[in-house]
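Listed below, chain by chain, are the residues.
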Amino acid sequence: MALHFHKMHGLGNDFVIVDGREQGVTITPELARDIADRHRGVGCDQLILIEKSNKADVSMRIWNHDGSEVESCGNAARCVVALTGAGTIATPAGVIEGSARGSDIEVSIVEPSFDWQRIPISYAMDTSALPMQWGPLKNGFAVNVGNPHVVFFVDDPDTVNLDQRGPEIENDPVFPERINVHVATVRDDGIHMRSWERGAGLTLACGTGACATAVAAIATKRATSPVEVHMPGGSVTITWEKGEKLLMRGGATHVFEGDLELEHLARCAS
Ligand SMILES: N[C@H](CCC[C@H](N)C(=O)O)C(=O)O
């Protein structure tokens with residue numbers, strides 16, 4: 001069976017996007033892993049399935065590189081708006097609004113939640129300064145923006161060994177649904193950050209992670225809204241006031257489209 005897909009990225013955070021409105025397909029965690037595999041599949045950080053919705057112009061489901069299905073993906077939301085022209089996208093985290101802004105796409109991201117049970121975290125604590133430390137990373141700021149994030153402000157994100165600390169934190173039992181991990185610093189031209197994504201590892205950009213980091217910087221008075229967020233793959237502009245939804249503006253790139261012979265996919269080790 002051939003599966004038509006679009007290969008897109010948001011600032012280097014790359015996606016295989018399948019439009020399920022035109023072709024019947026059932027995505028399983030195993031199939032998502034096989035397609036995401038960079039050697040035997042197409043390769044992507046996340047697999048995105050577009051479907052019809054009665055709540056929005058389209059709906060979007062998201063599977064990470066490891067096959068885990070998750071609630072939201074900011075960079076992919078911009079790509080879905082660019083690909084389909086949708087003005088609203090239903091996701092498990094809620095409905096995202098989107099529109100073109102010149103050569104960029106702007107999307108809304110759900111209002112942040114700071115409650116430990118909404119992150120979620122295993123027991124009650126101050127989520128603005130977590131009382132745990134992982135190597136040099138301390139005073140983490142945890143926030144849920146439809147998906148869970150923890151942000152550590154450091155002197156220089158490039159000196160943090162995220163390959164080691166990322167999985168340690170992502171998989172710490174204190175985060176029962178795992179967590180996306182970011183290290184950041186605020187400079188004159190805005191926030192500079194790097195991400196270790198839940199279920200995908202190091203990525204060149206993380207849209208919801210940029211939102212979470214901007215919220216952490218604004219909430220701790222390190223920055224004011226709107227704020228530029230610079231990631232290895234590029235920059236986005238985040239706008240947020242307390243009690244409001246977030247707005248994220250940035251690029252969305254269509255690289256190619258193709259057809260995948262599902263029976264040729266090698267089964268990846270789970
Ligand atoms: N790894 C994330 C999903 C993708 C988020 C990221 N790619 C974005 O652009 O928001 C999670 O497990 O919650």
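Computed from a prediction, not measured in an experiment: that's the story for all the values here.

**What about the overall build of the protein?**
In terms of regular secondary structure, the protein is built from four helices and 19 strands. Radius of gyration (C-alpha) of the protein: 18 Å, near the 18 Å computed for a compact globule of 270 residues. Each principal axis of the C-alpha atoms in the protein carries an extent, and together these give about 50 × 40 × 30 Å. When contacts within the protein are restricted to residue pairs at least 6 apart in sequence, those whose partners lie at least 24 apart make up 64%.

**What to know about the pairing of strand S16 (residues 227-231)**
Put simply, side chains in a regular strand alternate between the two faces of the sheet. What you see with S16 is a clean split: Val-227, Val-229 and Met-231 sit on the buried side and Glu-228 and His-230 on the side with no burial. Examined bridge by bridge, strand S14 (residues 190-197) and S16 share two bridges and lie parallel to one another. Residue Ile-191 lies in a different strand from S16, and its bridge partner there is Val-229. Between the antiparallel neighbours S16 and strand S17 (residues 234-239) lie two residues.

**Description of unusual backbone geometry**
Both trends apply: most residues other than glycine have a negative phi, and most peptide bonds are in trans. Of note, the amide linkage connecting Ile-119 to Pro-120 takes the cis form, showing an omega dihedral of -5°. Here Pro-120 lies in the loop between strand S8 (104-109) and strand S9 (133-134). Of note, the bond from Ser-225 into Pro-226 is cis; its omega dihedral lies within 30 degrees of zero at 0°. In this structure, Pro-226 sits in the loop between helix H4 (207-219) and S16. The phi angle at Leu-11 is positive, at roughly 55°, despite the residue not being glycine. Here Leu-11 is to be found in the loop between strand S1 (2-10) and strand S2 (13-19). A positive phi angle, close to 60°, is found at Lys-221, a residue other than glycine.

**Focus: helix H2 (residues 74-84)**
In terms of residue burial, H2 counts as a mostly covered element, since ten of its eleven residues are buried. All of the buried residues in H2 are Gly-74, Asn-75, Ala-76, Ala-77, Arg-78, Cys-79, Val-80, Val-81, Ala-82 and Leu-83.

**A closer look at the domain arrangement of the protein**
Domain boundaries assigned for the protein yield domain 1 (2-108 + 252-264) and domain 2 (133-244). Placing a centre on the C-alpha atoms of domain 1 and another on those of domain 2 gives a separation of 22 Å. Between domain 1 and domain 2, the contact holds 19 residues from the first and 16 residues from the second. A per-class count over the side of domain 1 that touches domain 2 returns four nonpolar, twelve polar and three charged.

**Looking at the site of the ligand**
Surrounding the ligand, one finds 18 residues, the nearest of these being Asn-75, Asn-147, Arg-198, Gly-207 and Thr-208. Of all the elements in the fold, those that place two or more residues in the shell around the ligand are strand S4 (58-64), H2 and H4. Of the residues belonging to the shell around the ligand, the class tally is five nonpolar, ten polar and three charged. Residues lining the shell around the ligand come from more than one domain, with at least three contributed by each of domain 1 (2-108 + 252-264) and domain 2 (133-244).

Conventions used here
Residues numbered from 1 in each chain as written. Predicted model: local features only at pLDDT ≥ 70, side-chain atom pairs only at ≥ 80, totals over all residues. Helix = DSSP H or I, 4+ residues; strand = E, 2+ residues; numbered from the N terminus. Rg over C-alpha atoms; globule rule 2.2 N^0.38 Å. Contact = placed C-beta atoms within 7 Å. Buried ≥ 20, exposed ≤ 12 C-beta atoms within 10 Å, placed from the backbone. Pairing = 2+ DSSP bridges. Domains from an automatic or database assignment. Nonpolar A, V, L, I, M, F, W, Y, C, P; charged D, E, K, R; others polar. Near = placed C-beta within 6 Å.

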